[in-house]
Amino acid sequence: MGKVRIIEVHENVFSANESTADEIRRMLTENGTLFLNFMSAPGSGKTTLLTALINRLKDKVRIAEMDVDIESSLDAQRVADATGVRSLQIHNGGLCHIDADMTLRAIQEFGVEGVDLLILENIGNLVCPAEFDTGAHKNIMLLSVPEGDDKPLKYPLMFTVSDIVLVTKIDTIGFFNFNLENAEKYIHALNPNAVILPVSAKTGEGLSELEELILGTPPLKLS
Ligand SMILES: Nc1nc2c(ncn2[C@@H]2O[C@H](COP(=O)(O)OP(=O)(O)O)[C@@H](O)[C@H]2O)c(=O)[nH]1
Ligand SMILES: [Mg+2]
Ligand SMILES: [Zn+2]
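Residues numbered from 1 in each chain as written. Chains lettered and ligands numbered in written order. Predicted model: local features only at pLDDT ≥ 70, side-chain atom pairs only at ≥ 80, totals over all residues. Heavy atoms only, no water.

Caption draft 1: A look at the overall build of the protein. In terms of regular secondary structure, the protein is built from eight helices and eight strands. The C-alpha atoms of the protein give 16 Å as radius of gyration, which agrees with the globular expectation for 223 residues (17 Å, within 12%). The C-alpha extent of the protein, read off along each of the three principal axes, is 45 × 40 × 30 Å. Look at the contacts in the protein between residues 6 or more apart in sequence, and 77% of them connect residues 24 or more apart. Here the protein displays about 10,000 Å² of accessible surface, and carbon together with sulfur accounts for 52% of that area. If the 19 positive side-chain charges of the protein are averaged to one point and the 32 negative ones to another, these points end up 4 Å apart. (Helix = DSSP H or I, 4+ residues; strand = E, 2+ residues; numbered from the N terminus. Rg over C-alpha atoms; globule rule 2.2 N^0.38 Å. Contact = heavy atoms within 4.5 Å. Areas by Shrake-Rupley, 256 points an atom, 1.4 Å probe, with all protein chains shown as cover. Lys, Arg positive; Asp, Glu negative; His and termini not counted. Charge placed at Lys NZ, Arg CZ, Asp CG, Glu CD.)

Caption draft 2: How the structure looks around helix α1 (residues 17–31). The terminal C-alpha atoms of α1, which comprises 15 residues, lie 21 Å apart, in line with the 21 Å expected from a rise of 1.5 Å per residue. Among all positions of α1, only Asn17, Thr20, Ala21, Ile24, Arg25 and Leu28 are buried. Looking down the long axis of α1, one finds its buried residues gathered within 140° of arc, a one-sided arrangement. In α1, the exposed residues that point more than 90 degrees away from the buried face are Arg26 and Glu30. Along its buried surface, α1 packs onto β2 (34–40), α4 (100–110) and β5 (117–124). Trailing α1 by a residue or two, Gly32 shows a phi angle of about 75°, which is positive. (Expected span 1.5 Å × (residues − 1). Buried < 20%, exposed > 50% of the residue type's maximum accessible area, 1.4 Å probe, protein only. Arc of directions from axis to C-beta.)

Caption draft 3: Examining the packing of helix α2 (residues 46–57) against helix α8 (residues 207–215) more closely. Following both chains from N to C, one finds α2 and α8 inclined at 65°, their axes separated by 10 Å at the closest point. It follows from the interaxial angle that α2 and α8 lie roughly perpendicular. The chirality of how α2 crosses α8 is right-handed. Of the residues in α8, those touching α2 at Leu49, Ala52, Leu53, Arg56 and Leu57 are Leu207, Ser208, Leu210, Glu211, Ile214 and Leu215. Residue composition of the contact of α2 with α8, by class: eight nonpolar, one polar and two charged. (Axes fitted to C-alpha atoms, helices over the stretch in contact; angles between N-to-C directions. Parallel < 35°, antiparallel > 145°, perpendicular 65-115°, else oblique. Left-handed = near helix turned anticlockwise from the far one by under 90°. Nonpolar A, V, L, I, M, F, W, Y, C, P; charged D, E, K, R; others polar.)

Caption draft 4: How the structure looks around the coordination of the zinc ion (ligand 3). Summarising the metal site, the zinc ion (ligand 3) is bound by the protein donors Cys96 (SG), His97 (ND1) and Cys128 (SG), whose distances to it range over 2.1 to 2.3 Å. If you list the donors of the zinc ion (ligand 3) from N- to C-terminus, the spacing comes out as C-H-x30-C. (Donors = N, O, S within 2.8 Å, 3.2 Å for Na, K, Ca; no water.)

Caption draft 5: Local environment of the site of ligand 1. Near ligand 1 lie 16 residues; those nearest to it are Gly43, Lys46, Thr48, Asp171 and Ala201. At a separation of 2.5 Å, an oxygen atom of ligand 1 approaches a polar side-chain atom of Thr48. Interatomic distance of 3.4 Å between a backbone N/O atom of Lys202 and an oxygen atom of ligand 1. Surface burial for ligand 1 is 69%, taken as the share of its 580 Å² of free accessible area covered by protein chains. The element contributing the most residues to the shell around ligand 1 is α2, with three residues. (Near = heavy atom within 4 Å. Polar contact = N/O pair within 3.5 Å; in protein donor to acceptor, adjacent residues only side chain to side chain.)

Caption draft 6: Looking closely at α8. When we look at burial in α8, the residues that qualify are Leu207, Leu210, Glu211, Ile214 and Leu215. All buried residues of α8 lie within an arc of 130° about the axis, which places them on one face of the element. Residues of α8 that are buried make contact with β2, α2, β5, β7 (164–168) and β8 (195–198).

This is how it looks when you write it as structure tokens:
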């Protein structure tokens with residue numbers, strides 16, 4: 001089993017989230033580290049997708065992964081075991097989100113020297129995580145087919161703050177009443193610039209497009 005470190009971070013109610021988030025971005029940009037924040041409802045496929053994605057990218061860029069959970073370390077352990085990359089489990093004292101101050105403390109503890117790509121698997125929740133800028137360069141959210149195409153209408157902020165929306169478990173579309181055109185229409189009404197990409201961690205559909213998208217995002221530099 002890969003060894004996963006665990007860090008406890010609790011909320012500091014006095015911290016100013018936006019300025020800390022900007023400080024994280026500035027620091028990571030200077031370090032040449034692209035920071036991606038993955039968000040979604042529980043069970044929409046974050047850990048599974050990240051594992052597949054990391055295995056495709058790990059020979060091209062140096063990757064570190066952070067996982068936030070209320071108390072378990074299951075996901076960081078899953079990623080570490082399946083990919084071999086350095087992985088950190090953040091325990092956040094029972095909150096349903098992580099803020100920039102908590103993210104900064106985790107990054108400082110983890111260390112990002114020599115890391116080209118830093119990945120955060122956020123807490124499974126479609127509401128709070130959208131309200132807290134983590135300092136990531138890009139927000140990527142996952143909407144899985146079984147959740148339904150109406151979720152952008154119900155959780156608009158999540159779709160508004162996400163640069164990329166992955167429609168996951170696209171292999172199951174034949175079993176659900178999920179209309180991809182409707183989902184795209186709702187998402188683009190909230191966020192005209194969102195990139196929408198159907199993917200499946202099971203069949204691999206869309207993963208090379210996602211890989212290319214990530215590899216082309218600054219400050220990532222392919223050496
Ligand atoms: N059919 C299908 N199932 C998937 C896919 N990705 C994840 N799953 C399943 O969805 C469930 C939840 O996945 P998980 O990665 O733990 O979701 P998370 O809670 O967002 O991290 C698991 O049973 C996965 O095997 C996919 O692309 N297709
Ligand atoms: Mg997970
Ligand atoms: Zn919250």
